[in-house]
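Below, each chain spelled out in residue letters.
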Amino acid sequence: MITIQIQNFQSIHDASIIVNGFTVVTGSNNSGKTAAMRAIQATFSNPPVSAFVRHGTDKLNVKVAFADGRFLAWEKGHKVKPSYTIDGNPPIHPGREIPPEVQGFGIQPIQAGGSTVWPQI
């Protein structure tokens with residue numbers, strides 16, 4: 001089971017998603033489904049743009065908790081440097097890089113048909 005908490009990411013003010021086995025996310029148009037998937041992808045890719053920060057807020061937060069007890073928190077904002085907190089350790093400020101500790105979670109894109117594709121979790 002994976003629990004994902006998303007705050008101030010694009011259209012999402014505050015949402016929690018529990019992924020337990022095959023999980024389907026449904027909803028009407030413009031309800032935040034794609035934003036939720038982008039939040040997960042961005043957490044593991046640390047994109048340089050701050051356009052993901054919800055309008056009117058200073059920063060976004062995404063927390064991912066895994067079934068084995070490990071967790072990852074990512075924070076980024078207009079005036080807030082990207083930071084990762086992993087398993088309660090002091091924050092890591094990687095700049096534009098993806099810290100090896102984040103890569104260690106094993107969530108990464110795959111190459112399919114000549115394109116880079118992020119798996120849906």
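What counts, and where the lines are drawn
- Residues numbered from 1 in each chain as written.
- Predicted model: local features only at pLDDT ≥ 70, side-chain atom pairs only at ≥ 80, totals over all residues.
- Heavy atoms only, no water.
- Core = buried A, V, L, I, M, F, W, Y, C linked by side-chain atoms within 4.5 Å.
- Buried < 20%, exposed > 50% of the residue type's maximum accessible area, 1.4 Å probe, protein only.
- Helix = DSSP H or I, 4+ residues; strand = E, 2+ residues; numbered from the N terminus.
- Contact = heavy atoms within 4.5 Å.
- Pairing = 2+ DSSP bridges.
- Axes fitted to C-alpha atoms, helices over the stretch in contact; angles between N-to-C directions.
- Polar contact = N/O pair within 3.5 Å; in protein donor to acceptor, adjacent residues only side chain to side chain.

(A) Examining the nonpolar core more closely. Among the nonpolar cores identified, the biggest contains 27 residues, and Ile4, Ile6, Phe9, Phe44 and Val62 are the most heavily contacted of them. For this core, the elements supplying multiple residues, two or more each, are β1 (2-9), β2 (12-19), α1 (33-45), β3 (59-66), β4 (71-77) and β5 (83-86). Looking at this core, the element that brings in the most residues is α1, giving six residues. Beyond its immediate stretch of four places on either side in the chain, Ile6 contacts Ile12, His13, Asp14, Ala15, Ile17, Ala36, Ala39, Asn61 and Val62.

(B) Representation of the sheet that holds β2 in the model. Strand order in the open sheet made by the five strands is β2-β1-β3-β4-β5, with antiparallel pairing throughout. Both edges of this open sheet fall to β2 and β5, since each of them pairs with a single strand only. Adjacent strand axes in the sheet meet at a mean angle of 10°, parallel and antiparallel pairs treated alike. Pairing analysis gives seven bridges linking β1 to β2, with the strands arranged antiparallel. Residue Gln5 lies in a different strand from β2, and its bridge partner there is Ser16. Against the sheet, α1 engages β1, β2, β3, β4 and β5, with an angle of about 100° to β1.

(C) Structural detail: the side chain of Asn61. Position of Asn61 relative to the elements: it lies in strand β3. The exposure class of Asn61 is buried, given its relative accessible area of 15%. In contact with Asn61, other than residues within four places in its own chain, are Gln5, Ile6, Gln7, Trp74 and Glu75.

(D) Summary view of the side chain of Asn46. Here Asn46 is to be found in the loop between α1 and β3. Polar side-chain contacts of Asn46 include one of 3.3 Å to the side chain of Trp74. Residues within four places of Asn46 in sequence aside, it is in contact with Trp74, Lys76, Pro82, Tyr84, Pro94, Gly95, Arg96, Glu97 and Ile98.

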